[in-house]
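This is what each chain is made of:
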Amino acid sequence: EEFSWTPADLRDLRRCRLVLAADCVYDDNLTDAFFAALRKILTLAAGADRLMGSGLMVDRPRALCAMERRINFGLDDEAPRAHAFER
């Protein structure tokens, strides 16, 4: 398994209805890994709804992510920079 989750982890993740995350986006590789894990969690939980016969998925899993755009003052050119957006 890509994330090394145990059977107990998978059982718990299938019951997940809400994922809260904040200040979790700093590095491109870690951001990609975060969203891959988030997608897997939400897919597992949504699949559990389908298996239980809840065709409407009224209680489908959701994710709330709080992010900010960080602006730093660069000493080299004395200008504000948003380094993550400049790549």
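This section reports on the structure supplied with the text. (Residues numbered from 1 in each chain as written. Predicted model: local features only at pLDDT ≥ 70, side-chain atom pairs only at ≥ 80, totals over all residues. Heavy atoms only, no water.)

Overview of the overall build of the protein chain
Regarding its fold elements, the protein chain presents two helices and four strands. Starting at the N terminus, the α and β elements of the protein chain follow one another as α-β-α-β-β-β. Within the span of the protein chain, comprising 87 residues, buried residues form 25% of the whole. (Helix = DSSP H or I, 4+ residues; strand = E, 2+ residues; numbered from the N terminus. Buried < 20%, exposed > 50% of the residue type's maximum accessible area, 1.4 Å probe, protein only.)

A word on the pairing of strand β1 (residues 18-22)
Only one face of β1 is covered, namely the face carrying Val19 and Ala21; the face carrying Leu18, Leu20 and Ala22 is uncovered. As defined by bridge partners, β1 adjoins strand β2 (residues 62-66) across five bridges and the pair is classed as parallel. By the bridge assignment, Ala21 is partnered in β2 with Cys65. (Pairing = 2+ DSSP bridges.)

Some details on the environment of Leu44
With respect to the helices and strands, the residue Leu44 is situated in helix α2 (residues 28-51). With 30 residues separating them in the primary sequence, Leu44 and Arg14 have C-alpha atoms 5.3 Å apart. Not counting residues up to four positions away in its chain, the partners in contact with Leu44 are Trp5, Leu10, Leu13 and Arg14. (Contact = heavy atoms within 4.5 Å.)

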